[in-house]
Amino acid sequence: MTLSGFDPLYSLSGFFVGALVGITGVGGGSLMTPLLVLLFGVHPATAVGTDLLYAAVTKSAGTAVHGMHGRINWRIVGCLAAGSVPAALVMLWLLSGVDRKSIEVAHTITTALGWLLVMTAFMLVFRKQVMAMAQRSMGERRPMRPATLVALTVVLGLALGILVTLTSVGAGALGVTILLVLYPRLDVREIVGSDIVHAVPLTLIGGMGYWMIGEIDWGMLFALLVGSIPGIIAGSLLAPKLHERTIRLVLAGTLAVVAFKLLTA
């Protein structure tokens, strides 16, 4: 386990990421992990592990807010967790048995992270079109049986468990979009709330697992939280005054550039 000194640049980065999360609702992992890797030179495994615990703390606040407003569908949360928790544990077991400082492991993490950022950027720009196409396709078929819907939700959880544990990215823009396609009749706020609640135990298990294998930088985590919590509050207050579509386009462009750098490094 590493413990670096308090670095105010981490707090400034945390504030920036937190503000964007508050404005756009996009998960911090899409921004924080690549920022740590590219800007600060943090090893990908340490960046992922630290960011998972960071996400567990910040998403817990979101869970409380959505819970107070009754925006949680516990059936969806349970189905997602049934797939994601075992997948996360298996991924952690696999990571514990390899040399995480090796070039091959670092390359695997950065490549997976890069492609997930490409997909996240795509969803930020074209989510409505993707959903419209999916709903038209599903509208021509019979409604899915409850058992099929449960099975698909568990499979989605399985995929998210693998992706989030490996890269800390996936539960936000990608997970919400697929849930909106699977459950078109549910309120968007209920889908988002359920996704956030599911992400808390997933990121906590992932972060604790990385801690057990020695990939958490506690000093960096503390500095990130010091900046991100006021950042999220500021972003949430600014959001109604800003043009969200423009912010999303700028964010998608930024993620695309970051993805390119990760994939070509």
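K.L.:
Could you clarify how one ought to interpret the overall build of the chain in this entry?
P.N.:
Broken down by element type, the chain carries 10 helices and 0 strands. If you list the helices and strands of the chain from N to C, you get α-α-α-α-α-α-α-α-α-α. When the 265 residues of the chain are sorted by exposure, 49% land in the buried category. Across the chain, contacts joining residues at least 24 apart in sequence account for 85% of those joining residues at least 6 apart.

K.L.:
Looking at this structure, I do not really get the environment of asparagine 73. What am I missing?
P.N.:
Position of asparagine 73 relative to the elements: it lies in the loop between helix 3 (44-68) and helix 4 (74-96). By relative accessible area, which is 16% here, asparagine 73 ends up buried. A sequence separation of 120 residues divides asparagine 73 from glycine 193, and the C-alpha atoms of the two residues are 7.9 Å apart. The contacts of asparagine 73, once residues within four sequence positions are left out, are Leu186, Glu190 and Ser194. A polar contact of 3.1 Å, which involves the side chain of asparagine 73, links it to the backbone nitrogen of arginine 75.

K.L.:
I would appreciate a short explanation of the packing of helix 4 against helix 8 (residues 188-212) in the present structure.
P.N.:
For any two helices packed against each other, the geometry is given by the interaxial angle and the distance between the axes. Viewed as axis vectors pointing N to C, helix 4 and helix 8 meet at an angle of 20°, and their least axial separation amounts to 9 Å. With respect to helix 8, the element helix 4 is oriented roughly parallel. The handedness of the crossing between helix 4 and helix 8 comes out as right-handed. Together, Trp74, Ile76, Val77, Leu80, Ala81, Ser84, Val85, Ala88, Leu89, Leu92 and Leu95 of helix 4 and Ile191, Ser194, Val197, His198, Leu202, Ile205, Gly206, Gly209 and Tyr210 of helix 8 make up the contact between the two elements.

K.L.:
Sorry if this is basic, but what is going on with the pattern of salt bridges here?
P.N.:
Where side chains of opposite charge bring their charged atoms close, a pairing between them can arise. Under the definition given, this model contains 2 salt bridges. Arginine 100 is the salt-bridge partner of glutamate 215, the closest N and O atoms lying 3.0 Å from each other. Linking glutamate 215 in the loop between helix 8 and helix 9 (218-238) with arginine 100 in the loop between helix 4 and helix 5 (103-139), this pair joins segments that are 115 residues apart in sequence. Per residue, the accessibility class of glutamate 215 equals that of arginine 100, and both read buried. Of the charged contacts in the structure, one is a salt bridge between glutamate 215 and lysine 101, with a shortest N-O distance of 3.3 Å. Of this pair, glutamate 215 sits in the loop between helix 8 and helix 9 while lysine 101 is found in the loop between helix 4 and helix 5, placing the two residues 114 residues apart along the sequence. Salt bridges sharing partners connect three or more residues here, namely Arg100, Lys101 and Glu215.

K.L.:
Would you take a moment to explain the nonpolar core for this structure?
P.N.:
Note that soluble globular proteins tend to have their nonpolar side chains buried in a common cluster. The biggest cluster of nonpolar side chains holds 47 residues, and the ones touching the most others in it are Tyr10, Leu36, Tyr54, Leu117, Tyr210, Leu224 and Leu255. No other element matches helix 5, which puts 9 residues into this core. Setting aside residues up to four positions removed in sequence, tyrosine 54 forms contacts with Gly14, Val17, Gly18, Met32, Leu221, Leu224, Leu225 and Ser228. Membership of the second largest hydrophobic core comes to 14 residues, among which are Ile76, Leu149, Leu182 and Ile191.

K.L.:
Can you help me understand the confidence of the model for the chain in this one?
P.N.:
In low-pLDDT segments, the atomic positions of the prediction should not be examined closely. In the predicted model, the chain carries a mean pLDDT of 83, and the fraction of residues at 70 or more is 86%. When mean pLDDT is compared element by element in the chain, helix 4 scores highest at 94, while helix 3 scores lowest at 77.

K.L.:
Would you mind going over the side chain of threonine 165 with me for this structure?
P.N.:
Position of threonine 165 relative to the elements: it lies in helix 6 (residues 146-167). Among the polar contacts listed, one links the side chain of threonine 165 to the backbone oxygen of glycine 161, at a separation of 2.6 Å.

Quick notes on the rules
- Residues numbered from 1 in each chain as written.
- Predicted model: local features only at pLDDT ≥ 70, side-chain atom pairs only at ≥ 80, totals over all residues.
- Heavy atoms only, no water.
- Helix = DSSP H or I, 4+ residues; strand = E, 2+ residues; numbered from the N terminus.
- Buried < 20%, exposed > 50% of the residue type's maximum accessible area, 1.4 Å probe, protein only.
- Contact = heavy atoms within 4.5 Å.
- Polar contact = N/O pair within 3.5 Å; in protein donor to acceptor, adjacent residues only side chain to side chain.
- Axes fitted to C-alpha atoms, helices over the stretch in contact; angles between N-to-C directions.
- Parallel < 35°, antiparallel > 145°, perpendicular 65-115°, else oblique.
- Left-handed = near helix turned anticlockwise from the far one by under 90°.
- Salt bridge = Lys/Arg side-chain N within 4 Å of Asp/Glu carboxyl O.
- Core = buried A, V, L, I, M, F, W, Y, C linked by side-chain atoms within 4.5 Å.
- pLDDT = per-residue confidence, 0-100.

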